[in-house]
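# Geometric and topological summary
The lines below spell out each chain.
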Amino acid sequence: MDLLAATSTVAVSSYALLSTVYKSVQALYATPTETPSPPPGLRQTAAGLPSVDVIVPCFNEDPQILSACLQSIANQDYAGKLQVFVVDDGSANRDAVGAVQRIYADDPRFSFILLRQNAGKRKAQIAAIRRSSGDLVLNVDSDTVIDADVITKLASKMSDPEIGASMGQLTASNRNDTWLTRLIDMEYWLACNEERAAQARFGAVMCCCGPCAMYRRSALVLLLDQYEAQFFRGKPSDFGEDRHLTILMLKAGFRTEYVPDAIAATVVPDRLAPYLRQQLRWARSTFRDTWLAMRLLPGLDSYLTLDVIGQNLGPLLLAVSFLTALAQIAVTGTMPWWTVLTIASMTMIRCSVAAFRARDIRFLGFSLHTPINILLLLPVKAYALCTLSNSDWLSRKVTSLPAGGEERLAVHQANTRRKAAAGAGTDDAVRRVDLSRRPSGLVTSDNVCSGE
């Protein structure tokens, strides 16, 4: 009986000590520092600016959501050359999204690649990369809306040739829909402005998140074969492409960065079941790539080692604390008050610090994430660790179009230019996209940002 109480006390005390050290150091390094101004004339002239290819893979996407995504790309203020490749990955709703494609049919910046069969997000990206030629490549998810200056800001960061990848800050575009979307939006903010911001201090962001990440094409081409042919225990590994590509960039000697004022708003799950499926997929990809990342740690700053320990050992200690506390209640009928008070105190301190740093009192409500983490996310991570060989996407229905070959590509490219401001010739039913749920802090982000 005493052994259970002692084990629970030791585990939760170790968790508190590790979390205190890890989060304190993380907060120190995540504190913004003065950054150099963008190169003169970045906004005013295209002279000397790198060309940028934007790649938007989509699969059974809602036409209005896809339209909002493409509209945000078309409205970019970037002065350099811009090309957009929209890759339809064997969607079953091509008739519905056809209206969206017609909106940009006369814009020479837009090309549409149609894959006959669903090949997965990674291969859809690669299909576009191999047809593109820009100096920089920006991956944007089809359910993501980017601010008008995102490409300008990310390209400015990429002016340093040692940087292989950079990411913007993520928010939840549907933040106000449910209590869960509000929690996820806060989770994104913490992941970006604590975890990524601290990692960026050493040029080693460990995951440039899929919804909005820019890559140097010359580095991307060198890594493309490795990126395409990822295997785990002899089986193809198709999800977690953003984390894997980031690790490959670091392994090749490039820096990876975070740009907090390049804002991208993405749609997040509004119900628990899709959220947990997403977290399961992300957990599997994180565990898989952690082994690869650990080989890089000796060559990186010691903080990154603390970061990996904190993210992996911390949840383990928390799980042991909770399980031994439950066992103590069941066997002895006594309440493990030290465990309860320690976890509650750590939660409130973290939420208070986040509220102070974000200047937003709503972060006090993030305390609700702790019971969700303990009761749902920790079991999901344990299950992910036991089923690492499973590569099911879980949240997507794989479809194929009528037979006609293993894969057929139809590339539609415009022949005449359409002015960005022109409204003639568009499908009003698609162009009228409801952005009223976009959070007010946008012009102001699936462990988060770990997978797609």
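Residues numbered from 1 in each chain as written. Predicted model: local features only at pLDDT ≥ 70, side-chain atom pairs only at ≥ 80, totals over all residues. Heavy atoms only, no water.

### Some points on the overall build of the protein
Within the protein, the regular secondary structure consists of 13 helices and 11 strands. A total accessible area of about 19,900 Å² is found for the protein, and carbon and sulfur atoms account for 59% of it. (Helix = DSSP H or I, 4+ residues; strand = E, 2+ residues; numbered from the N terminus. Areas by Shrake-Rupley, 256 points an atom, 1.4 Å probe, with all protein chains shown as cover.)

### Things to note about the confidence of the model for the protein
Per-residue pLDDT for the protein averages 84, and the proportion of residues at 70 or more is 81%. Confidence scores differ between elements of the protein, with helix H13 (residues 428-431) showing the lowest mean pLDDT of 40 and strand S5 (residues 144-146) the highest of 98. Low pLDDT (under 50) marks residues 39-45, which in the prediction has 11 contacts with non-local residues, meaning those over four places away or in another chain. For the stretch residues 397-447, pLDDT sits under 50, and the model shows 121 contacts to residues farther than four places along the chain or on other chains. (pLDDT = per-residue confidence, 0-100. Contact = heavy atoms within 4.5 Å.)

### A closer look at the packing of aromatic side chains
For the structure shown, the criterion picks out five aromatic pairs. Look at Tyr104 and Phe110: their rings are 4.5 Å apart centre to centre, the planes differ by 25°, and that puts the pair in the stacked class. When sorted by exposure, Tyr104 lands in the same class as Phe110, which is buried. (Phe/Tyr/Trp six-rings, centres within 6.5 Å; stacked < 30°, edge-to-face > 60°. Buried < 20%, exposed > 50% of the residue type's maximum accessible area, 1.4 Å probe, protein only.)

### A word on unusual backbone geometry
The residue Asn60 is not glycine, and still its phi comes out positive at about 55°. Assessed through its relative accessible area of 30%, Asn60 is described here as partly exposed. We note that Arg359 has phi near 55°; this positive angle belongs to a residue other than glycine. Position of Arg359 among the secondary structure elements: in the loop between helix H11 (337-358) and helix H12 (369-386). By relative accessible area, Arg359 is classed as exposed at 63%.

### Re the pairing of strand S4 (residues 136-140)
Counting buried positions along S4 yields five of five residues, so the element is predominantly enclosed. Here S4 shows a buried face lined by Leu136, Leu138 and Val140 and a second buried face lined by Val137 and Asn139. As defined by bridge partners, strand S1 (residues 52-58) adjoins S4 across four bridges and the pair is classed as parallel. Each residue of the ladder has a partner; that of Val52, found in S4, is Leu136. Inspection of the sheet shows S4 paired to strand S7 (residues 212-216) by five bridges, in the antiparallel sense. From the neighbouring strand, Asn139 faces S7, where its bridge partner is Ala213. (Pairing = 2+ DSSP bridges.)

### Structural notes on the state of the cysteines
On inspection of all chains with the given rule, the structure shows zero disulfides. In this model Cys212 remains outside any disulfide bridge; the closest cysteine sulfur is found in Cys209, 9.6 Å from its own. Overall, Cys212 belongs to the buried group, its relative accessible area being 0%. (Disulfide = S-S within 2.5 Å.)

### Quick look at the packing of helix H9 (residues 272-294) against H12
Geometry of a packed helix pair, given as the angle between the helix axes and the separation of the axes. One can describe the packing of H9 onto H12 by two numbers: an axis separation of 9 Å at closest approach and a directional angle of 50°. By the criterion of interaxial angle, the relationship of H9 to H12 is oblique. Here H9 runs over H12; the crossing is right-handed. Here Leu272, Tyr275, Leu276, Gln279, Leu280, Ala283, Arg284 and Phe287 of H9 come into contact with H12, specifically with His369, Leu376, Leu377, Val380, Lys381, Tyr383, Ala384 and Leu385. When grouped by side-chain class, the residues that make up the contact of H9 with H12 number 12 nonpolar, two polar and two charged. (Axes fitted to C-alpha atoms, helices over the stretch in contact; angles between N-to-C directions. Parallel < 35°, antiparallel > 145°, perpendicular 65-115°, else oblique. Left-handed = near helix turned anticlockwise from the far one by under 90°. Nonpolar A, V, L, I, M, F, W, Y, C, P; charged D, E, K, R; others polar.)

### Description of a nonpolar patch on the surface
A cluster of nonpolar residues, Leu323, Leu326, Ile329, Met335, Trp337, Val340 and Leu341, forms a patch on the protein surface that exposes about 660 Å² of accessible area. Where the nonpolar patch is concerned, the elements lending two or more residues are helix H10 (302-332) and H11. For Val340, the position within the fold is in helix H11. (Patch = residues over 30% accessible without salt bridge, like charges linked within 9 Å, V, L, I, M, F, W, Y side chains within 5 Å. Salt bridge = Lys/Arg side-chain N within 4 Å of Asp/Glu carboxyl O.)

### Digging into the nonpolar core
Core analysis: the biggest nonpolar cluster contains 106 residues, and Val52, Val54, Val56, Leu70, Ile73, Leu138 and Met214 have the highest contact counts within it. Here this core takes 11 residues from helix H6 (residues 179-200), the largest share from any one element. When near neighbours in sequence (up to four residues on either side) are disregarded, Val52 contacts Tyr78, Lys81, Leu82, Gln83, Leu136, Leu138, Ile151 and Met214. (Core = buried A, V, L, I, M, F, W, Y, C linked by side-chain atoms within 4.5 Å.)

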